[in-house]
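# Descriptive structure summary
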Amino acid sequence: VPIKLGYFIKLVAKIVYVGRCSMMVRVRVWGEEPTKNISDHCCTAFVNMIAIDSHGNKIPVPELIMESEEDMKDVAEALEIHKSTLARRKKTRKL
């Protein structure tokens, strides 16, 4: 759904996967009509980030703590995306 002119834009981010030195953040984007308090989901993005030190070397990130069944579902979804990304990367390198 496109965000209409005059709407507020709301970003909701959540860490959904953590590797040894990386993490995946899900970002949901909402458009909110300011006078009627109506929200429309616009899109969702998954952003991969690598932790590095001041010298540019990868560094470990803390373990992800899952506290609910929703957290476990989020991690499962992110793990599938992560596996798909690795497979696509491997296939691309062979070309």
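Here we summarise the structure given alongside this text. Nothing here was measured: the structure is a model prediction, and the numbers come from that model. (Residues numbered from 1 in each chain as written. Predicted model: local features only at pLDDT ≥ 70, side-chain atom pairs only at ≥ 80, totals over all residues. Heavy atoms only, no water.)

### Concerning the environment of tryptophan 30
Note the cut-off: Helix and strand assignments follow DSSP, with helices taken as H or I runs no shorter than four residues and strands as E runs no shorter than two, numbered in order from the N terminus. The contact definition used throughout considers only heavy atoms, calling two residues in contact when any of these lie within 4.5 Å.
Topologically, tryptophan 30 is positioned in strand β2 (residues 22-33). Sequence separation between tryptophan 30 and histidine 82 is 52 residues, and the spatial gap between their C-alpha atoms is 24 Å. In this structure tryptophan 30 touches Ile3, Phe8, Ile9, Lys10, Val12, Ser39, Asp40, His41 and Cys42, once residues within four positions along its chain are discounted.

### Section: a positive patch on the surface
Just so we agree on the cut-off: Residues forming no salt bridge and having over 30% relative accessible area are the ones grouped into patches, like charges within 9 Å of each other and nonpolar side chains (Val, Leu, Ile, Met, Phe, Trp, Tyr) within 5 Å. Methods summary: accessible areas were calculated by the Shrake-Rupley approach with a probe of 1.4 Å, and residue burial reflects only the protein chains presented. Note on definitions: salt bridges are taken to be side-chain nitrogens of Lys or Arg within 4 Å of carboxyl oxygens of Asp or Glu. In this count, Lys and Arg are taken as positive residues and Asp and Glu as negative ones, while His and the chain termini are left out. All charge positions are set by atom: Lys at NZ, Arg at CZ, Asp at CG, Glu at CD. Exposure is judged per residue with a 1.4 Å probe applied to protein chains only, and the accessible area is read against the type maximum: over 50% gives exposed, under 20% gives buried, and values in between give partly exposed.
Residues Arg20, Lys58, Arg88, Arg89 and Arg93 make up a contiguous surface patch of positive charge. Among the structural elements, arginine 89 can be located in helix α1 (residues 69-94). Arginine 89 sits in the partly exposed class, given a relative accessible area of 40%.

### Considerations on the environment of cysteine 21
Residue position: cysteine 21 is located in the loop between β1 (8-18) and β2. For cysteine 21, a relative accessible area of 7% puts it in the buried group. The sequence separation of cysteine 21 and cysteine 43 amounts to 22 residues, and the corresponding C-alpha distance is 27 Å.

### As for the sheet that holds β2
Put simply, the rule is: At least two bridges found by DSSP between two strands is the condition for calling them paired. Simply put, an axis is a line fit to the C-alpha atoms, just over the touching stretch for a helix, and the angle between two N-to-C directions goes from 0 to 180 degrees.
If you walk across this open sheet you meet the 3 strands as β1-β2-β3, and the pairing is antiparallel. The outermost strands of the open sheet, each flanked by one partner alone, are β1 and β3 (38-50). Pairs of neighbouring strands in the sheet enclose a mean axial angle of 20°, with direction left out of account. Looking at chain direction, β2 and β3 are connected through 12 bridges and run antiparallel. Paired with tryptophan 30 across the strands is histidine 41, a residue of β3. The strands touched by α1 within the sheet are β1, β2 and β3, with β1 carrying the most contacts at an inclination of about 80°.

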